[in-house]
Amino acid sequence: MPAPREIDDLPYAEYLEPFDGRLEPERRHDTAHFDGTGFEDADCGGAVFTECAFTSVGFTGGRADRARFNDVWLHTVRWVGTELAETEWLDTETVSGVFAGVEMFGARLRRATFHNCKFDSVNLRTAALREVRFTDCLLRDVDLGEAALTDVAFPGTVLEGVRLDRARLDRVDLRDAAVLGIASGYEALRGAVIGSAQLLELAPAFARVLGVTVRDRDR
């Protein structure tokens, strides 16, 4: 399992320029380095970030809906209560990040990796995730209802209260998840791969979904 990159490992590291302005809607940012900055109620909806780096940055409230992150590296970035609906994440890497109370419905993530990140009460309904990897993360009360997951893996990740109602899973590997806590939408697991031990843990829930009564005969 590859280790997360450092900023100096980025192919565009030598071209990064410190960002000292303000975020604005629809603005394009190329090879910008956002470092040690707190953005409160910022509006950068529809902005485009290409070959950018974020380090020790905090977003509180505000909106970045429809923003596009292309080949972006993020380390220790906190998103708290921020609007991230319909955002696009392509070839991104997020390390030690926090997404809390974030609206990400309709987001599109492709070739995105998350290392040691925390997702708490995140709305990912109708999102599309393709070739996404969550490594050693925590997904708590994450709503993936009606989302489409393709080639997604969760090595070392804890899933708690994750909702999969009417989600579509294809080649989703859950075998290496540290904890597999599904709150609802067990029928969506038909497109996932799980381990035999996980199957035994989920058996009571599968029985409920299928309407099977499990009762041992009295001896």
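Residues numbered from 1 in each chain as written. Predicted model: local features only at pLDDT ≥ 70, side-chain atom pairs only at ≥ 80, totals over all residues. Heavy atoms only, no water.

**Student:** Is there a simple way to explain the environment of leucine 180 in this structure?
**Tutor:** Inspection of the secondary structure puts leucine 180 in strand β19 (residues 179–184). With a relative accessible area of 10%, leucine 180 lands in the buried category. Along the backbone, leucine 180 and leucine 159 are 21 residues apart, and their C-alpha atoms lie at a distance of 5.1 Å. Not counting residues up to four positions away in its chain, the partners in contact with leucine 180 are Leu159, Leu174, Ile194, Gln198 and Leu202. (Helix = DSSP H or I, 4+ residues; strand = E, 2+ residues; numbered from the N terminus. Buried < 20%, exposed > 50% of the residue type's maximum accessible area, 1.4 Å probe, protein only. Contact = heavy atoms within 4.5 Å.)

**Student:** Quick question: what am I supposed to make of the pattern of salt bridges here?
**Tutor:** Pairing of side chains with opposite charge becomes possible as their charged atoms draw close. Applying the stated criterion across every chain, the model contains 18 salt bridges. Between aspartate 43 and arginine 63 there is a salt bridge whose closest N-O contact spans 2.8 Å. Residue aspartate 43 is located in the loop between β4 (38–40) and β5 (48–50), and its partner arginine 63 is located in the loop between β6 (53–60) and β7 (68–70); the two are separated by 20 residues in the primary sequence. Taking relative accessible area as the criterion, arginine 63 reaches 31% and is therefore assigned partly exposed. For the salt bridge of arginine 66 with aspartate 65, the shortest nitrogen-to-oxygen distance reads 3.6 Å. Exposure remark for arginine 66: the relative accessible area of 37% places this residue in the partly exposed category. Several salt bridges converge on common partners, so that one network encompasses Glu26, Asp43, Arg63, Asp65 and Arg66. (Salt bridge = Lys/Arg side-chain N within 4 Å of Asp/Glu carboxyl O.)

**Student:** Explain the pairing of β6 here, please?
**Tutor:** Two faces make up the sheet, and in a regular strand the side chains alternate between them. By the bridge criterion, 3 bridges tie strand β3 (residues 32–35) to β6 in an arrangement that is parallel. Among the inter-strand pairings, histidine 33 is bridged to a residue of β6, identified as alanine 53. Note: β4 against β6, 3 bridges, orientation parallel. Paired with glutamate 40 across the bridge in β6 is threonine 60. Pairing analysis gives 7 bridges linking β6 to strand β8 (residues 73–80), with the strands arranged parallel. Bridge pairing links alanine 53 to tryptophan 73 in β8. (Pairing = 2+ DSSP bridges.)

**Student:** I tried to follow the side chain of threonine 82 on my own but got confused; where do I start?
**Tutor:** With respect to the helices, strands and loops of the structure, threonine 82 is situated in the loop between β8 and β9 (88–90). By relative accessible area, threonine 82 is classed as buried at 2%. At a separation of 3.1 Å, a polar atom in the side chain of threonine 82 contacts the main-chain carbonyl oxygen of glycine 61. Beyond its immediate chain neighbours, meaning those up to four positions away, threonine 82 contacts Phe59, Thr60, Gly61, Gly62, Arg63, Ala64, Gly101, Val102 and Glu103. (Polar contact = N/O pair within 3.5 Å; in protein donor to acceptor, adjacent residues only side chain to side chain.)

**Student:** Looking at this structure, how should I read the packing of aromatic side chains?
**Tutor:** The way to describe two aromatic rings as a pair is by their centre distance and the angle between their planes. With the rule as written, the count across this model stands at 19 aromatic pairs. Here the aromatic rings of phenylalanine 19 and phenylalanine 34 are separated by 4.5 Å at their centres, their planes lie at 35 degrees, and the arrangement is tilted. In this pair, phenylalanine 19 sits in the loop between β1 (17–18) and β2 (28–30) while phenylalanine 34 sits in strand β3, placing the two residues 15 residues apart along the sequence. The two residues phenylalanine 19 and phenylalanine 34 agree in class, both being buried. (Phe/Tyr/Trp six-rings, centres within 6.5 Å; stacked < 30°, edge-to-face > 60°.)

**Student:** Could you clarify how one ought to interpret the side chain of glutamate 93 in this entry?
**Tutor:** By secondary structure assignment, the location of glutamate 93 is in strand β10 (residues 93–95). Reaching out from glutamate 93, the side chain makes a polar contact with the side chain of arginine 5 at a distance of 2.8 Å. Ignoring sequence-local partners within four residues, the contact set of glutamate 93 consists of Pro4, Arg5, Val72, Trp73, Leu74, Thr113 and His115.

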